[in-house]
Amino acid sequence: MTLRQMEYFLTVAEEGSFSRAANRLNVTQPALSQQVVALENELGATLLERLGRGVRITTAGRAYLPFARAAIAAQRRGRQAVQSVRSGLGGELELATVISVGVGVLMRPLLRWHSEVPDVAMLLHEFSHRRALEDFVDMGNADLAVGPTPVRWAGESVALGHERFVLILSRSDPALRSLKPYRRGAPPAAAMSAGRLPLEVLAQRQWVLFERANGLSEFIEGHLASAGLIAPSAALRTSQFVTATALASGGMGPTLIPANVVPADLKGVVCEPDPPLTRALSAYAKKGITGSAARFLEMAREQATMLEPEIRADGR
């Protein structure tokens, strides 16, 4: 049996006539009758009693009627669900990111999505390293990834902007005597920063760093090495931003984190390293970014106000 046969049966039952049903369905009466007969043959029962001036539904037809209606309704709901997903209005949105972006850049778009599209559930996969994120998305396991711009990516990729990294130190740290205040105010991507601090003044210090399995460890320590701070001494390694900022503010040693994850009630001092450290972020997918993924991307671009569209080599 087919959904078309069920639809034809339902229409004849509703109209009480093969001719009126044929007109409503825009098919010929013989074709309509043939499909209903085929359905009856498969069920092994007569569903409609043919009368001189119309039809009357049989006992078997009345028993079958609710199931035919349910099947047609399920087909309609299924079609609507697919259309909703394609238009970004239904289904489930599966996102992937790195932890630092998930707690920072994505916070606002996630909250806005929940507010505006509550019928679309979200599933967020968070990774500690960009390579793990890229491998996950490359296997087709997410609708959209938001993270550091991939070095090589065969699928669709959309630039979101650049984030800045900032130093966190205690208010009594003697290195702050070398702080260089901004002449034109803090940059948009590091609004809480008080200025720039030359990394060379921190050369002999112990740091609060991230665990080596965390991608930020490689990224941050690579920048420190390029500034002459090769193999910085770690007073402590952690996987948590909250821990890193709290201990750095308390005087254990400086730490470097994305500016957009700095807590508003931080007790320490926020400043940019000199030379500055920035990171480009992008949204990308294995295939095209469509439906719910495209709608979320639009929100991310609107809400990621802590990112700058372009940052020059000198960090400005």
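From a predicted model like this one, the values you see are computed outputs, not experimental measurements.

A. Fine view of helix H1 (residues 3–15). With 13 residues, H1 should cover 18 Å at 1.5 Å per step; its first-to-last C-alpha distance of 18 Å lies within 8% of that length. Of the residues making up H1, those classed as buried are Gln5, Met6, Tyr8, Phe9, Leu10, Thr11 and Val12.

B. View of the packing of H1 against helix H2 (residues 18–25). Where H1 contacts H2, the axes come no closer than 8 Å and their chain directions differ by 125°. As judged from the angle between their axes, H1 and H2 are oblique. Where H1 crosses over H2, the handedness of that crossing is right-handed. Where H1 abuts H2, its residues Glu7, Tyr8, Thr11, Val12, Glu14 and Glu15 lie against Phe18, Arg20, Ala21, Arg24 and Leu25. Each residue belonging to the contact of H1 with H2 can be placed in one class, and the counts come to five nonpolar, one polar and five charged.

C. Representation of a nonpolar patch on the surface within the structure. Together, Ile99, Val103, Met107 and Leu111 give the surface a local cluster of nonpolar side chains, amounting to about 320 Å² of exposed area. With respect to the helices, strands and loops of the structure, Val103 is situated in the loop between helix H5 (99–102) and helix H6 (107–116). The class for Val103 is partly exposed, based on a relative accessible area of 38%.

D. Region of the structure containing the side chain of Thr58. Relative to the elements of secondary structure, Thr58 occurs in the loop between strand S2 (54–57) and helix H4 (59–87). Those residues in contact with Thr58 that sit more than four places away from it in its chain are Thr46, Leu47, Leu48 and Glu49.

E. Highlighting the packing of aromatic side chains. One pass over the full model with this rule turns up six aromatic pairs. Ring centres 5.8 Å apart and planes at 65° place the aromatic pair Trp113 and Phe296 in the edge-to-face group. Of the two residues, Trp113 is situated in helix H6 and Phe296 in helix H10 (residues 291–303); the sequence distance between them amounts to 183 residues. Given a relative accessible area of 0%, Phe296 falls into the buried group. Note on Phe127 and Phe136: the rings are 5.0 Å apart at their centroids and 50° apart in plane angle, and the pair reads as tilted. Of the two residues, Phe127 and Phe136, both sit in the buried class. When the ring centre of Phe219 is taken as origin, the NZ or CZ atom of Arg279, which lies over that ring, is 5.8 Å away.

F. Layout of the packing of H2 against helix H3 (residues 29–43). Where H2 meets H3, the closest approach of the two axes is 9 Å, and the angle between their N-to-C directions is 105°. By the criterion of interaxial angle, the relationship of H2 to H3 is roughly perpendicular. Contacts between H2 and H3 pair Phe18, Ser19, Ala21, Ala22 and Leu25 from the former with Gln29, Leu32, Ser33 and Val36 from the latter.

G. Spotlight on H2. Those residues of H2 that sit buried are Phe18, Ala21, Ala22 and Leu25. For H2, the arc enclosing every buried residue in end-on projection is 100°, short of the 170-degree limit, so these residues lie on one face. Tucked inside the fold, the buried residues of H2 contact H1, H3, strand S1 (48–51) and S2. Once H2 ends, the next one or two residues include Asn26, with phi positive near 60°.

H. Inspection of unusual backbone geometry at higher detail. Note that the residue after Asp274, namely Pro275, is joined by a cis bond; omega there is 10°. Tracing the chain through its elements places Pro275 in the loop between strand S11 (269–274) and strand S12 (278–285). In this structure, Asn26 is a non-glycine residue whose phi angle is positive, near 60°. If you trace the backbone, Asn26 turns up in the loop between H2 and H3.

I. Representation of the pattern of salt bridges in the model. According to the stated counting rule, one finds 17 salt bridges in the structure shown. Of the charged contacts, one joins Arg131 and Glu218 as a salt bridge, the two residues approaching to 3.2 Å between their closest N and O atoms. Pair noted here: Arg131 is in helix H7 (residues 130–138) and Glu218 is in helix H8 (residues 215–226), with a separation of 87 residues, a long-range link. The residue Lys286 makes a salt bridge to Asp138 at a minimum N-O spacing of 3.2 Å.

J. Quick look at the pairing of strand S3 (residues 92–98). Along S3, five of the seven residues are buried, which leaves the element largely enclosed by surrounding structure. As judged from the seven bridges shared by S3 and strand S4 (residues 121–127), these two strands associate in the parallel manner. Bridge pairing in S4 links Ala96 to His125. The sheet contact formed by S3 and strand S5 (residues 144–148) spans three bridges and is parallel. Bridged to Ala96 within S5 is Ala145.

K. A look at the environment of Ala73. Mapped onto the elements, Ala73 comes out in helix H4. Taking the C-alpha atoms as reference, Ala73 lies 61 Å from Val269; in sequence the two are 196 residues apart.

Quick notes on the rules
- Residues numbered from 1 in each chain as written.
- Predicted model: local features only at pLDDT ≥ 70, side-chain atom pairs only at ≥ 80, totals over all residues.
- Heavy atoms only, no water.
- Helix = DSSP H or I, 4+ residues; strand = E, 2+ residues; numbered from the N terminus.
- Expected span 1.5 Å × (residues − 1).
- Buried < 20%, exposed > 50% of the residue type's maximum accessible area, 1.4 Å probe, protein only.
- Axes fitted to C-alpha atoms, helices over the stretch in contact; angles between N-to-C directions.
- Parallel < 35°, antiparallel > 145°, perpendicular 65-115°, else oblique.
- Left-handed = near helix turned anticlockwise from the far one by under 90°.
- Contact = heavy atoms within 4.5 Å.
- Nonpolar A, V, L, I, M, F, W, Y, C, P; charged D, E, K, R; others polar.
- Patch = residues over 30% accessible without salt bridge, like charges linked within 9 Å, V, L, I, M, F, W, Y side chains within 5 Å.
- Areas by Shrake-Rupley, 256 points an atom, 1.4 Å probe, with all protein chains shown as cover.
- Salt bridge = Lys/Arg side-chain N within 4 Å of Asp/Glu carboxyl O.
- Phe/Tyr/Trp six-rings, centres within 6.5 Å; stacked < 30°, edge-to-face > 60°.
- Lys NZ or Arg CZ within 6 Å of the ring centre and 35° of its normal.
- Arc of directions from axis to C-beta.
- Pairing = 2+ DSSP bridges.

By themselves, these figures tell us nothing about what the structure is for.
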